[in-house]
Amino acid sequence: MTTASAQANPNIAFIKYWGNRDDALRLPANGSISMNLDGLCTITGVTFDPDLSADHLIINGIAASEPARRRVQDFLDHLRQMAGTILYARVDSRSNFPIGVGIASSASAFAALSLAACAAIGLDLSPAELSRLARRGSGSACRSIPSGFVEWLAGAEDVDSYAVSIAPPEHWNLIDSIAVVNRGHKGTTSSEGHRTAWSSPLQEARVAGASRRLQSCRRAIQERDFASLADIMELDSNLMHAVMTTSTPGLIYYLPATLAVIQAVRRWREEGLPVGYTIDAGPNVHVITPAEYADPVAERIRGIQGVVQVICAGPGSPARLLRGDYPVSNAPERCPSLE
Ligand code: DP6
């Protein structure tokens, strides 16, 4: 039996990934840029065991649904092929933040799983190879492998589609104050959404402009230019949601409180506060600010009707291995609950 554990942060995309050129390989339609979210984490333990006759998956202490287990099994099949083994695994995963609600839980989950599974099976991969592997589990997971501010290079094929750090966490103390307006699971998963993206008449235009938006975002991060970052991040989020709403079937993730937070952020910016929003495949709003404004902004968000919780996170570290024998039941020590 061989065991290993790893920890990873989720990430928030400033320039979004939406739609694949190849769904099976998760080769994205366009590159994307994100920030890892410190303090939010998934810890995953993996044990390859000759006595198992199938892969087992536990999420937050409970046996996972069959589709979730199947997804992990498909991922592990790929890893087993790479490692030349036929052993099945027990995967035990815990996250300290709400999962399946647009806070990229699949990103931290597959990043931690990639790292732990490779260590447990004895595969020694470079950071780029690890990021590529994580991408096969969930596209955004490739961005949770490197540190801080991260760009996923879309690439043309499997070998050149992976993420790299463009700035370390200390480069810019931005805070993501996540306005949670609904803790329930989203109706349509990102994976389903990626498949319908091309049915929108707007997707081609969104993809065609992506390299220009990536360039603006990269520059804004390098120069710590918050006003430019907020502009490009909001435009990119709005473009993605325009594609979602005009796809067949149409996807509307916004709830009334989502719009209330968007309107408030726009108002605060007009009043002179440096704030910007971005929204993933869920109703919760990520409100980004330089750290010195984070407390008053979080306080204002709490005052908006329909906001049930505000979770604050700064720029996070790369995915990392934990002591080989780290039991996932100890996860609350390293990853205290955010409730
Ligand atoms: C809206 O990475 O969750 O958060 O590859 O199918 O697991 P799968 O999708 P996922 O999609 C993320 C979509 C997004 C934008 C982003 O994070 O870039």
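This is a predicted model, so every value here is computed, not measured. (Residues numbered from 1 in each chain as written. Predicted model: local features only at pLDDT ≥ 70, side-chain atom pairs only at ≥ 80, totals over all residues. Heavy atoms only, no water.)

Draft legend 1. Main features of the site of the ligand. Looking at the ligand, there are 17 residues lining it, with R71, S138, G139, S140 and S191 nearest. Side-chain polar atom of R26 to an oxygen atom of the ligand: 2.8 Å apart, as the coordinates give it. A distance of 2.7 Å is found between an oxygen atom of the ligand and a backbone nitrogen or oxygen belonging to G139. Protein burial of the ligand: of its 460 Å² of free accessible surface, 96% is covered by the chains. Taken together, the residues of the shell around the ligand sort by class into 5 nonpolar, 7 polar and 5 charged. (Near = heavy atom within 4 Å. Polar contact = N/O pair within 3.5 Å; in protein donor to acceptor, adjacent residues only side chain to side chain. Areas by Shrake-Rupley, 256 points an atom, 1.4 Å probe, with all protein chains shown as cover. Nonpolar A, V, L, I, M, F, W, Y, C, P; charged D, E, K, R; others polar.)

Draft legend 2. Geometry of the layout of surface pockets. For the second largest pocket, the calculated volume is near 170 Å³. The wall of the second largest pocket is formed by A24, R26, R71, D74, F75, D77, H78, R136 and G137. Residue assignment for the lining of the second largest pocket shows that the elements contributing at least two residues are α1 (66-83) and α3 (127-137). If one sorts the elements of the lining of the second largest pocket by residue count, α1 sits on top with 5 residues. (1 Å grid on protein atoms, 1.4 Å probe; cavity = no way out; pocket = protein on both sides within 12 Å on 5 of 7 lines; lining within 4 Å. Points joined across faces, edges and corners; volume = space filled by probe spheres on them. Helix = DSSP H or I, 4+ residues; strand = E, 2+ residues; numbered from the N terminus.)

Draft legend 3. Highlighting the packing of aromatic side chains. Scanning the entire structure with this criterion turns up 3 aromatic pairs. Ring centres of W172 and F226 lie 6.4 Å apart, and the angle between their planes is 80 degrees; on these two criteria the pair is classed as edge-to-face. Here the residue W172 occupies a position in the loop between β11 (162-167) and β12 (174-180), and F226 occupies one in helix α7 (residues 226-245), the gap between them amounting to 54 residues. There is no split in this pair, since W172 and F226 are both buried. (Phe/Tyr/Trp six-rings, centres within 6.5 Å; stacked < 30°, edge-to-face > 60°. Buried < 20%, exposed > 50% of the residue type's maximum accessible area, 1.4 Å probe, protein only.)

Draft legend 4. Spotlight on the packing of α1 against α3. Running from amino to carboxyl end, α1 crosses α3 at an angle of 145 degrees, the nearest separation of the two axes being 9 Å. For α1 against α3, the interelement crossing comes out right-handed. Residues R71, F75, H78, L79 and M82 of α1 form the contact with α3, whose own contacting residues are L133, A134, R136 and G137. Of the residues in the contact of α1 with α3, the class split is 5 nonpolar, 2 polar and 2 charged. (Axes fitted to C-alpha atoms, helices over the stretch in contact; angles between N-to-C directions. Left-handed = near helix turned anticlockwise from the far one by under 90°. Contact = heavy atoms within 4.5 Å.)

Draft legend 5. Up close: the state of the cysteines. Tallied over the entire structure, the rule returns 0 disulfides. Left unpaired, C312 is separated from the closest cysteine sulfur, that of C41, by 16 Å. The partly exposed category is assigned to C312, whose relative accessible area is 40%. (Disulfide = S-S within 2.5 Å.)

Draft legend 6. The arrangement of unusual backbone geometry in detail. The omega angle of the peptide bond from T248 to P249 is -5 degrees, so this bond is cis rather than trans. Tracing the chain through its elements places P249 in the loop between α7 and α8 (256-270). One non-glycine residue, R26, adopts positive backbone phi at about 55 degrees. Along the chain, R26 turns up in the loop between β3 (20-22) and β4 (27-28).

Draft legend 7. Representation of α1 in the model. Here α1 spans 25 Å end to end across 18 residues, near enough to the 26 Å set by a 1.5 Å rise per residue. Among all positions in α1, only R69, V72, Q73, F75, L76, H78, L79 and R80 are buried. Looking at the buried positions of α1, the neighbouring elements they touch are β6 (42-49), β7 (56-59), β9 (88-95), α2 (105-121) and α3. Count one or two residues on from α1 and you reach G84, which has phi positive near 65 degrees. (Expected span 1.5 Å × (residues − 1).)

Draft legend 8. Here's a closer look at the sheet that holds β11. Strand order in this open sheet of 4 strands is β2-β5-β10-β11, and the pairing throughout is antiparallel. Only two strands of the sheet have a single neighbouring strand rather than two, namely β2 (11-15) and β11. On average, each strand axis in the sheet is inclined to that of its neighbour by 35 degrees, with strand direction left out of account. For strand β5 (residues 32-36) and strand β10 (residues 149-153), the ladder comprises 4 bridges, and the chain directions are antiparallel. When the bridges of β10 are listed, M35 appears paired with F149. (Pairing = 2+ DSSP bridges.)

Draft legend 9. Fine view of the pattern of salt bridges. For the structure shown, the criterion picks out 16 salt bridges. For K16, the salt bridge goes to D280, with nearest N and O atoms at 2.6 Å. In this pair, K16 sits in the loop between β2 and β3 while D280 sits in the loop between β13 (276-278) and β14 (285-290), placing the two residues 264 residues apart along the sequence. Residue classification places K16 among the buried residues on the basis of a relative accessible area of 1%. A salt bridge links R300 to E271; the shortest N-O distance between them is 3.5 Å. Of this pair, R300 sits in helix α9 (residues 294-302) while E271 sits in the loop between α8 and β13, and the two are 29 residues apart along the sequence. The exposure class of R300 is partly exposed, given its relative accessible area of 36%. Residue E271 is classed as exposed on the basis of its relative accessible area, which comes to 55%. (Salt bridge = Lys/Arg side-chain N within 4 Å of Asp/Glu carboxyl O.)

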